[in-house]
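One-letter residues, chain by chain:
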Amino acid sequence: MSHMQGRQAPIVMVIDFHHARGPEIELCIGEDGTDIATENDWSLLPFMALSDGAHASTEEFSYFTLRKKETATEPATSLFGIACSRQIDSNLLLNRPSDVTRSTVQKAVVVITDTPQTVGQLREKLSVVTSAWFAQRDFSDTDILKKFREGLIISWEQNEASKDQNLGLSLREMIHEFKYQTLVLFKALLLQPKMLFFGSRCERLCMIQFSLISLIPGLINSLQDCADPSADSYEQTVKKPTSLKTSDRASLLAYMGLPLQIFGKGSMFGPYTPLQQLDLLADYGTKSYVVGSTNSLLLQQKDRYSDILINLDEDTINISSPSLRNALILSAADRRWIDLLTQIINDTWDEAHPQRPKDHGYMGSEEFIRLQFEEYLLALLACMKYHEELQPFNNGEPGRRSRAQLEAYNIEGDPALEFNPEFLTQWQTTSNYALFKRLTSDALLFSIAEPRHPCAGGLTIEDVQRRLSQQVAELHLDERVREGREALNRHLSTGQKKVSAAFNSFWADIESMREAQRKRNEEKALQSQRSSLDNSTVSSPPLPASDTASVNSTTTSSWFGARKAPTVDIAQAQASVNAVSQKAGAYLSSWGSWASEKRKEWQEKKATTPSSPSSTTSPTLKTIAEGADAERGRRRSLQQSRPNEDSGTLSRSGSRRKRWSNILLRRESGDFGSRSPTRRDDGSADSSEPDLPAFPKSPLSREASIADKESRAKPDDSPTPPQPDKENAHTVPSISTSAATLATETATADPHTPSPEPTQATTSTLAETPQN
């Protein structure tokens, strides 16, 4: 099978890199008896198949275009080639040719076809066949390559009808990398400048270009003139559509003037262009092109060979022409449209499978992206046709249609301005727009497709927020500061541990100091208590057994008085007063009951025993005298044992003791009756003291009164009893009232001194006299 009518059957070639002659065609498996490479002057094909830098990779792919000359039966056309290059150690070859002098052997297997649609499918097949051929380690055996071509011809015949196939390219990856600049490249393609793509990876370099031109609907099927700037067969043969079938997509696209012929006369497309083709790029007849190169020498002459340089290694776009730069500025509607599309791609991005959405849905898929760009382009074409109808009215000239006819379409303003007026002005000067205008001269495209930008409208706050979020995402802050954040966290945790340890140590030192201070204070307090006890033991004379409790109580009070008085708790003091009052009242009531019983006993004895003044008076006076002497001795001992007490405390304590002594003495002597006015030293009466109420005298008191009279009559028989204290005699009206007052004053005067002990110690003195 030589070829089908109007089409070229696939061709398989082998390109070898000779150490002396450079790259050359080693084998061509094609039509029998013909040398297609020589016939079409494909002298640059070996340089296209073995790209610059291919020796640095284990496997590399190159995509290129070839011009097939016209024949007697066929017009000139463009062919598309894909090459897979590999290398092998020459020592591993089973049949090493004599001309192999280098350590490695580098070869490329090439497939040439008449349509770029099958390039994506050929890539995987070519990779497998090339790897298997190199695994034989014998390049003289080419049976696997011949069978490979036979399989390609069979599949080529079966897939002849399906021409709208994707190239296996990833539009998602292109938009994910270039984002809004994808639309800049798309609109630049319509303006037909000199676009130069540069990248160190040849396959990626070529795929980006195929992805870009595939965004124009139908262009991938109309590249017959792309290999040579002089070719112009499409423009010469295309016919203006005369009918429209809206249900047929191909008919609709053709009626809208698509595909736009980007690569017509004066333009070319070379996915990989070697340095040997630079003369063709610099030729005067070459007005525009889309080419790619892996040689960095072109970067040094980018201003000469490019209007737009796309550096894929750095993901940058450099526009050298100022007018072109202004024309490619995206309007607010353009930026909103591409930002929304980019957001959809990012939301459905799958790092493991970048060519498909992570949810396997329609949103963000390859077909979705193509339809979005198709809608954008159809809206642009409709707006441009309406813009052409408005231009005569704007210039003051009569148009082909009246203003009333245009107003009938209810189109507000000029919607084409949403696409940037400078872009529209430059686009109208290109050859592809001239062909579009010719093919749609009488068509009312704005009546078929809505003449409105897909995202028409001014800049909104949502656009600003979306743009800011994308710019923040482009910074990759998480990736850049991850290591710094981890290091900072480590330093913070280490510092926190050090600070905590230092603080704990400091606090432990404070606690130890406070504990040592507390122990020293306790030792000092114990020493002062011991010294106070020792001093009171040495200075105080021996006391009777009945006064031991009183002395101990006084000493304890003196030790508490030496300390700093804490804050007085009023509630606690009141409770102490109440408790002391109850105890004192209970004790005095018991003492009163005991005294009443004693009076009854004495009255019975008096009734049974005859009254004898001498026998009754003597023991009574003796007892009273002994009690007075003991009371005076007790006063002196208390004053000696408390030399350091406060003067106010001494006066109160002394006055209490003195009142109680006077009460006891008057009780015994019966001096609770009515008193005469106090006599002064000069014998006059003291009328300032009121008369006290008369109290009934007990039998013991009456006996004491008789004995007192007899002792006055006989001063030499018995000692004179102590006289009652005139100063304090009238201050205590009753024993129970004085006891309660004493308890209250004691608790109030010194709330830290235990109340019951002094009260019992004092009342024990009261109980001595009746017992005696």
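Named according to an unreviewed UniProt entry, the chain is UDENN domain-containing protein originating from Aspergillus clavatus. A UniProt comment under Sequence similarities (unreviewed entry) is attached to the chain, and it reads "Belongs to the AVL9 family."

Let's shift gears to the packing of aromatic side chains. Counted by the stated rule, this structure contains 18 aromatic pairs. Seen in terms of ring centroids, Y362 and F368 are 5.5 Å apart; in terms of plane orientation they differ by 85 degrees. Their pairing is edge-to-face. For Y362, a relative accessible area of 45% translates into the label partly exposed. Joined through ring pairs, the aromatic side chains of F186, W337, F373, Y376 and F419 make up one cluster. When the ring centre of F139 is taken as reference, the NZ or CZ atom of K107 above it lies at 5.1 Å. Directly above the aromatic system of Y284 lies the positively charged group of K287, at a separation of 3.8 Å from the ring centroid.

The strands that make up a sheet pair up through hydrogen bonds in the backbone, lying either parallel or antiparallel. What the five strands build is an open sheet, ordered β7-β8-β6-β9-β10; its pairing is mixed. Strands with a single pairing partner mark the edges of an open sheet, and in this sheet they are β7 (267–270) and β10 (316–319). The sheet shows a mean angle of 15 degrees between the axes of neighbouring strands, taken without regard to direction. Here strand β9 (residues 308–311) runs beside β10; their pairing, made up of four bridges, is antiparallel. Paired with I310 across the bridge in β10 is I317. Each of β6 (194–198), β8 (288–293), β9 and β10 is contacted by helix α6 (residues 181–191), which is oriented at about 140 degrees to β6, the strand it contacts most.

Strand order in the open sheet formed by five strands is β2-β1-β5-β4-β3, and the pairing between neighbours is antiparallel. Strands with a single pairing partner mark the edges of an open sheet, and in this sheet they are β2 (22–29) and β3 (59–68). The sheet shows a mean angle of 25 degrees between the axes of neighbouring strands, direction not considered. As paired elements, β3 and strand β4 (residues 77–89) share 10 bridges and run antiparallel to each other. By the bridge assignment, R67 is partnered in β4 with S78. Those strands touched by helix α3 (residues 119–135) are β1 (11–18), β3, β4 and β5 (104–113), and its axis lies near 30 degrees from that of β4.

Here we come to unusual backbone geometry. Cis rather than trans, the peptide bond between L258 and P259 has omega equal to 0 degrees. Of note, P259 is situated in the loop between α9 (249–255) and β7. A positive phi angle, close to 60 degrees, is found at D41, a residue other than glycine. Within the secondary structure layout, D41 lies in the loop between α1 (36–39) and α2 (45–49). Classification of D41 by relative accessible area gives exposed; the value is 54%. In this structure, N410 is a non-glycine residue whose phi angle is positive, near 55 degrees. By secondary structure assignment, the location of N410 is in the loop between α16 (403–407) and α17 (421–427). Assessed through its relative accessible area of 70%, N410 is described here as exposed.

Here the focus is the environment of Y376. Relative to the elements of secondary structure, Y376 occurs in helix α15 (residues 366–394). The exposure class of Y376 is buried, given its relative accessible area of 0%. Apart from the residues within four sequence positions on either side, Y376 is in contact with L183, F186, K187, D334, W337, F419, H453 and P454. For Y376, the side chain forms a polar contact with the side chain of D334, separated by 2.8 Å.

Below, the discussion takes up a nonpolar patch on the surface. Taken together, Y362, M363 and L371 make up a surface patch of nonpolar side chains, about 280 Å² in accessible area. In this structure, M363 sits in the loop between α14 (332–347) and α15. The exposure class assigned to M363 is partly exposed, which follows from its relative accessible area of 42%.

On to α6. Of all 11 residues that make up α6, 11 are buried, and the element is covered over most of its length. Of the residues one or two after α6, Q192 is the one with positive phi, at around 55 degrees.

Our next topic: the pairing of β2. Each regular strand displays side chains that alternate between the two surfaces of the sheet. Where β1 and β2 come together, seven bridges link them in antiparallel fashion. Paired with V12 across the bridge in β2 is I29. Joining the antiparallel neighbours β1 and β2 is a turn of three residues.

With that settled, consider the nonpolar core. L190 and W427 are the most contacted members of the largest nonpolar core, which has 99 residues in total. Residue contributions to this core peak at 12 residues, all from α15. Here this core spans two domains, since at least three of its residues come from each of domain 1 (11–94 + 105–158) and domain 2 (171–475). Once residues within four sequence positions are removed from consideration, W427 is found in contact with L190, L191, L260, L380, L381, M384, N432 and Y433. Membership of the second largest hydrophobic core comes to 17 residues, among which are I11, I36, F64 and A83.

This part is about the pairing of β7. Here β7 shows a buried face lined by S267 and F269 and a second buried face lined by M268 and G270. Relative to β8, β7 runs parallel, the two being bridged by four bridges. Of the residues in β8, the one forming a bridge with F269 is V290.

Parameters and conventions
- Per chain, residues are indexed from 1 in the order of the written sequence.
- Two thresholds apply to this predicted model, a pLDDT of at least 70 for residue-level local features and 80 or more for giving and counting side-chain atom pairs, whereas whole-chain, interface and lining totals are computed over all residues.
- The side-chain numbers reported here are obtained from all heavy atoms of the structure, hydrogens and water having been left aside.
- UniProt positions are given in the numbering used here, feature names are shortened, and annotations may be inferred rather than shown by experiment.
- Ring pairs are drawn from Phe, Tyr and Trp, using the six-membered ring of Trp, whenever the two centres fall within 6.5 Å, and their geometry is named by plane angle: stacked under 30 degrees, edge-to-face over 60, tilted for the rest.
- Relative accessible area decides the class of each residue, using a 1.4 Å probe on protein chains only: under 20% of the type maximum gives buried, over 50% gives exposed, and in between gives partly exposed.
- Working rule: Lys NZ or Arg CZ, within 6 Å of ring centre, within 35 degrees of ring normal, means a charge sits over the ring.
- When DSSP finds at least two bridges between two strands, those strands are taken to pair.
- Strands here mean DSSP runs of E at least two residues long; helices mean DSSP runs of H or I at least four residues long; both are numbered from the N terminus.
- The axes are straight lines fitted to the C-alpha atoms, using for helices just the contacting stretch, and the angles between their N-to-C directions are given from 0 to 180°.
- In what follows, a contact means two residues having at least one pair of non-hydrogen atoms within 4.5 Å.
- For the purposes of these results, a polar contact is taken to be a pair of N or O atoms within 3.5 Å, where, inside protein, one atom must be able to donate a hydrogen and its partner to accept one; residues adjacent in sequence count only when each atom of the pair is a side-chain atom.
- Every patch collects residues that have over 30% relative accessible area and no salt bridge, joining them within 9 Å if they carry like charges and within 5 Å if they are nonpolar side chains (Val, Leu, Ile, Met, Phe, Trp, Tyr).
- The protein chains shown are the only cover counted for residues, whose accessible areas, like all others here, come from Shrake-Rupley with a 1.4 Å probe.
- Note on definitions: salt bridges are taken to be side-chain nitrogens of Lys or Arg within 4 Å of carboxyl oxygens of Asp or Glu.
- We define a nonpolar core as any set of buried Ala, Val, Leu, Ile, Met, Phe, Trp, Tyr and Cys residues linked to one another through side-chain atoms lying within 4.5 Å.
- What fixes the domain bounds is an automatic or database domain assignment.

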